[in-house]
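Structural features, examined
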Amino acid sequence: MNRSEKIAKLTIESLIPGCDMRFRTEQNHGEFDFDLVYTTGSVAAVEVTASVDQFLARDFARIRSKRHGGAFVQAVKCRFDWWVHPLPSADIRKIRLHVDDFLSRIEDLGVSKFFVHGSDLAVPVLRIFRDLQIEAGTVVRWRPPGRIGLALPSGEGGLVRPENVTGAIEDEATKPDNRRKLAASGCAERHLFVYIDAQNFLPWISLIESEPPCQTPALPPEITHIWAAADTYSGNGFRVWRADQAHWQDFGTVAGSPNVSK
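We now turn to the structure provided with this report.

The next thing to look at is the environment of V111. Take V111: it is sitting in the loop between α3 (92–107) and β6 (113–115). Judged by its relative accessible area of 23%, V111 falls in the partly exposed class. Dropping the residues within four chain positions of it, V111 is found in contact with W82 and I106.

Following this line, the structure appears as structure tokens:
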């Protein structure tokens, strides 16, 4: 199983008492990922997918290149590990040189996360945005510690709102491959589990910071239930929503597992 599939198994088994998420090892013909077996013996189909930005993922691969310094900067002045989100216009070389100093000044204020599209921003936050083009950051726990992670530059700006999550999961729900796999399952219940990667910044932070919207997502007939999950700031759990055709459910945070690592 890949990481998204491990998260799906952990999440659904934690939230549906007694159920068993059985991974389908034979998928030679494009079958769905899991049989969700309830205590009653009934079975639902679960397909797992990840919401990412492919163009930004390509750019992130360049950031991660060891030739260019890699995706981490050593934390010397900072007391905590950080995960920061540069804008596409940011100079990564400049960030590598100065981000540790700028974040240490933010730490001195007792701030553990920031997002520059808010209001009443402290001067060190305004400076990291102005000088380094970093729009957000949060304290995390890296393994090994003592590092500042450079996230994929986000191409999206805008407000943190639940509709960003809805848009991301509707994009996955309408993909022909996901629809085809679930339609072919023959199950009455057909679940699509969408892991929202932190690199897909606006939907990710909106899932972390928001409550589900009043309006349910527009699901195609092949999908009866949809899940949205994302890593929390601490990295020790996953924020989870679920929807069917009628309503949303907010499950809050599901604790992580040692065998589900970054």
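Now for the nonpolar core. Among the nonpolar cores identified, the biggest contains 33 residues, and I169, L192, I196, W204, I205, L207 and I226 are the most heavily contacted of them. Elements supplying a minimum of two residues to this core: β7 (134–140), α5 (162–173), β9 (190–196), α7 (201–209), β10 (225–231) and β11 (237–243). It is α7 that provides the largest number of residues to this core, a total of six residues. Excluding anything up to four places from it in sequence, L192 contacts E47, T49, E172, A173, N178, L182, I223, H225, I226 and W227.

This part covers helix α6 (residues 176–183). Taken together, the buried positions of α6 are N178, K181 and L182. One face of α6 carries all of its buried residues, which in axial projection span an arc of 95°. Tucked inside the fold, the buried residues of α6 contact β3 (43–51), α5 and β9.

Turning our eyes to something else, we now look at the sheet that holds strand β2 (residues 34–37). Sheet architecture is open: seven strands sit in the order β1-β2-β3-β9-β10-β11-β12, paired in mixed fashion. One side of each edge strand has no neighbouring strand; the edge strands of this open sheet are β1 (20–23) and β12 (248–255). For this sheet, the mean inter-axis angle between neighbouring strands, taken without regard to orientation, is 25°. Sheet topology places β3 next to β9; seven bridges connect them, and they run parallel. Looking at β9, one finds that V48 is bridged to F193.

A few words on the packing of aromatic side chains. What characterises a pair of aromatic rings is the spacing of the ring centres plus the angle enclosed by the ring planes. Overall, the coordinates contain 10 aromatic pairs when judged by the stated rule. Measuring from centroid to centroid gives 5.9 Å for W227 and F251, while their planes differ by 15°, and the two rings are stacked. Residue W227 is located in strand β10, and its partner F251 is located in strand β12; the two are separated by 24 residues in the primary sequence. Given a relative accessible area of 0%, W227 falls into the buried group. For F251, a relative accessible area of 23% puts it in the partly exposed group. Against the face of F32 rests R24, its NZ or CZ located 4.1 Å from the ring centre. For R105, the ring lying beneath its charged end belongs to F102, and the centroid distance is 5.8 Å.

What follows concerns the environment of D131. As for its position among the elements, D131 is in helix α4 (residues 123–132). Classification of D131 as partly exposed rests on a relative accessible area of 25%. Considered as a pair, D131 and I95 are 36 residues apart in the sequence and their alpha carbons are 9.1 Å apart. In terms of polar contacts, D131 uses its side chain to reach the side chain of R130, at 2.8 Å.

Reading the values: rules and limits
- Residues numbered from 1 in each chain as written.
- Predicted model: local features only at pLDDT ≥ 70, side-chain atom pairs only at ≥ 80, totals over all residues.
- Heavy atoms only, no water.
- Helix = DSSP H or I, 4+ residues; strand = E, 2+ residues; numbered from the N terminus.
- Buried < 20%, exposed > 50% of the residue type's maximum accessible area, 1.4 Å probe, protein only.
- Contact = heavy atoms within 4.5 Å.
- Core = buried A, V, L, I, M, F, W, Y, C linked by side-chain atoms within 4.5 Å.
- Arc of directions from axis to C-beta.
- Pairing = 2+ DSSP bridges.
- Axes fitted to C-alpha atoms, helices over the stretch in contact; angles between N-to-C directions.
- Phe/Tyr/Trp six-rings, centres within 6.5 Å; stacked < 30°, edge-to-face > 60°.
- Lys NZ or Arg CZ within 6 Å of the ring centre and 35° of its normal.
- Polar contact = N/O pair within 3.5 Å; in protein donor to acceptor, adjacent residues only side chain to side chain.

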